[in-house]
Amino acid sequence: MTTENQFASATSPKTILTGAQMLFVAFGALVLVPLLTGLDPNVALFTAGFGTLIFQIVTRGKVPVFLASSFAFIAPIIASVQSWGIPATMGGLFAAGLAYMLLSGIVRVKGAGILHRILPSVVVGPVIMVIGLALAPVAVNMAMGKAGDGSIVLVEYDKAILVSMFSLLITLLVAVFSKGVFRLIPILAGVVSGYALSLMMGIVSFAPVEEAAWFAMPAFTLPEFHWQAILFMVPVAIAPAIEHVGDMVAISQVTGKDYLKKPGLHRTLLGDGLATSTAALFGGPPNTTYSEVTGAVMLTRNFNPIVMTWAAIIAVVLAFVGKMGAVLQTIPVPVMGGIMTLLFGSIAVVGMNTLVKSGQDLTAPRNLSIVALILVFGIGGMYIGGGEFSLQGVSLCAIVGIMLNLILPKHLGED
C-alpha cells in the first residue's frame, strides 16, 4: 500500500467511526474511576487519550490497545486522597509511573522472566486481593446512600438501596447474559440504567450542568511530592504491571502477533509508565491497558492500531466539553456504590485466580506465611511507624510479601 493510500485509509470515516466505537466500549470504565475517587472525569478523558498517544509513540504504533483509568488504583487513590489530598496523591501516582519505567528497564536487561521471580503469584495474588477488599466498606456505604466513610447520608436509605441494587443487577445481567459488543459494556449499562431510575425517583440534581460552560478547560491539578503518599502508592504498581503482561499476551493471541517480542514487553511497559506519570502531571488517574478494548478488537477483527489513535484523539476533544463532565458528576452515589460492590469483589477474585492458576500448595508453610501476612496486614489496617513516618495498607503488605519471598528458603517446610 502506498503512503497516499495508507493516509486515506487512516483518515477514512470508517476508521474514525471504529475509533469512536472503541472509546464507547471503554467509556463506562474510563469515567468510573475518576467519579469514584473524586477526580475530574474530563481530566481522565484527556489523560486517557493523551496517554494512549504516548503509548502509540513508544511502541511505534504497532499495538492496537487503548489506555485508560486503572481499576487497581481505585481503593489506594481513595485512601490516599483522604490522608494527603489530591495533589500529593498525584505525586504518588507519578512515582508509580516511574516504577513502571524501572520495571521496563529491568525487563529489557534481564528479560520478562525476572518479573515472575521478583513478583511470583504467591505475592501478587494476595496483594491484588487486598486492593479489592481493603475498602469494601466504602462500596457498601455508597450503595446505602452514604459518603464513602459513612459519615454523611447523601440519599435516604430506602431510595439508595433500590437504586444501587438495580444498578448492580443490570451490570450483572449484561456481563453474564449479553452477547457481542454489549457484553463489553456492563459497567456503562449499569450506570445508564441506575441513572435512569434515579431520574424517575427524583434524586438527580442538574444544577452542575446548568452552571457548566459548553466548552471549558479541564480542571488540571499539579502534583505535590510527599514521601508518605509516594511510599503508599508505588507498590500498587505491582498489580497493573502483572495485569499488563496478561493483556499483552491476550492481544497478541487475538491479532496473531507476538507483541512481547516486537515492539517488546519493555516498550509496552515503558509506554504504560510514561502514560501514568503524564496523567499524574495533569491530575488524572493512572493509565493501563483495557481488557474491554481487547475484547472489542477480537469481536470486530479490526487489528489496525490507527483505530486506537482515533479513539485517543476523540477522547482528548471530548475532554474540553464542559457539560459532559458536569453530567457525569450528577450520577448519584448509590449508582456508583452498587457497581463498586461488584468491581471491588471482582478485583479480589482476580487475585484469588492468580493464586489458583499458579498451582502452588498454599498450605505449605512458606506460601501460607506469605499469603496470610499479606492479607491480614493489608485488610486489617496494620501500620508500622507513626505520624508522618507510617507505612500501611497496600504499600506495607506488598513490601512484606516481596521481602518474605526473597528471604524465606524456597523449600521451607518440605520433608
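Starting afresh in each chain, residues are numbered from 1 along the sequence in its written order. Local features in this predicted model are restricted to residues of pLDDT 70 or higher, and side-chain atom pairs are both shown and tallied only at a pLDDT of 80 or more, whereas totals for entire chains, interfaces and linings draw on every residue. Calculation of side-chain values draws on the structure's entire complement of heavy atoms; hydrogens and water are dropped beforehand.

**Q** How do you make sense of the overall build of the protein chain when you look at a structure like this?
**A** Along its length, the protein chain carries 20 helices and four strands. As a reference, a globule follows 2.2 Å times the number of residues to the power 0.38, and the radius of gyration itself is taken over C-alpha atoms. For a compact globule of 415 residues, the expected C-alpha radius of gyration is about 22 Å, and the protein chain comes in at 21 Å, within 12% of that figure. Principal-axis analysis of the C-alpha atoms gives the protein chain an extent of 65 × 60 × 45 Å. Between buried and exposed lies partly exposed: a residue is buried under 20% and exposed over 50% of the maximum accessible area for its type, with that area taken using a 1.4 Å probe on protein chains only. Residues counted as buried form 54% of the 415 residues belonging to the protein chain. We call two residues contacting when some pair of their heavy atoms lies within 4.5 Å. Contacts spanning at least 24 positions in sequence make up 81% of the contacts within the protein chain whose residues lie at least 6 apart. Of the roughly 17,900 Å² that the protein chain leaves accessible, carbon and sulfur atoms contribute 68%. Counted as positive: Lys and Arg. Counted as negative: Asp and Glu, with His and the chain ends omitted from the count. Think of each charge as sitting on NZ of Lys, CZ of Arg, CG of Asp or CD of Glu. The average position of the 19 basic charges and that of the 17 acidic charges among the side chains of the protein chain differ by 15 Å. Only DSSP runs of H or I covering at least 4 residues are called helices, and only runs of E covering at least 2 are called strands; the numbering of each starts at the N terminus. Per-residue accessibility takes into account occlusion by the displayed protein chains alone, with areas from the Shrake-Rupley method and a 1.4 Å probe.

**Q** Would you explain helix α19 (residues 365–380) in this entry?
**A** Given 3.6 residues per turn, any residue in an α-helix points the same way as the ones three and four places further on. For α19, built from 16 residues, the straight-helix expectation of 22 Å at 1.5 Å per residue is met to within 8% by its first-to-last C-alpha distance of 21 Å. Buried within α19 we find Arg366, Asn367, Ile370, Val371, Ile374, Phe377 and Gly378. Summarising the axial view, the buried residues of α19 lie within an arc of 150 degrees, below the 170-degree limit, and thus occupy one face. Away from its buried face, by an angle of more than 90 degrees, α19 presents the exposed residues Val376 and Gly380. Against α7 (121–133), α18 (333–358) and α20 (393–407) lie the buried residues of α19. Among the residues trailing α19, glycine 381 stands out with phi positive, at a value near 90 degrees. Given a helix with a known number of residues, its expected span is that number minus one, times 1.5 Å. Each C-beta atom gives one direction from the helix axis, and the arc is the one those directions make.

**Q** What should I look at first to understand the packing of aromatic side chains in this one?
**A** Pairs of aromatic rings are described using the distance from one ring centre to the other and the angle between the two planes. When two rings of Phe, Tyr or Trp (its six-membered ring) have centres within 6.5 Å they constitute a pair, described as stacked for plane angles under 30 degrees, edge-to-face for angles over 60, and tilted for the intermediate range. With the rule as written, the count across this model stands at eight aromatic pairs. With a centroid separation of 5.2 Å and an interplanar angle of 65 degrees, the aromatic rings of phenylalanine 46 and phenylalanine 282 are classed as edge-to-face. With phenylalanine 46 in helix α3 (residues 41–58) and phenylalanine 282 in helix α14 (residues 260–282), the pair connects residues that are 236 residues apart, well separated along the chain. Centre to centre, the rings of phenylalanine 50 and phenylalanine 282 are 6.0 Å apart; their planes meet at 85 degrees, and the pair counts as edge-to-face. Taken as a pair, phenylalanine 50 in helix α3 and phenylalanine 282 in helix α14 lie far apart in primary sequence, 232 residues in all. By relative accessible area, which is 32% here, phenylalanine 50 ends up partly exposed. By relative accessible area, phenylalanine 282 is classed as partly exposed at 24%. An aromatic cluster is built from Phe46, Phe50, Phe220, Phe282 and Phe320, whose rings are joined through pairwise contacts. Definition used: whenever NZ (Lys) or CZ (Arg) falls within 6 Å of the ring centre and also within 35 degrees of the ring normal, the charge is taken to sit over that ring. Positioned above the aromatic ring of tryptophan 214 is the side chain of lysine 323, whose terminal nitrogen or guanidinium carbon lies 5.6 Å from the ring centre.

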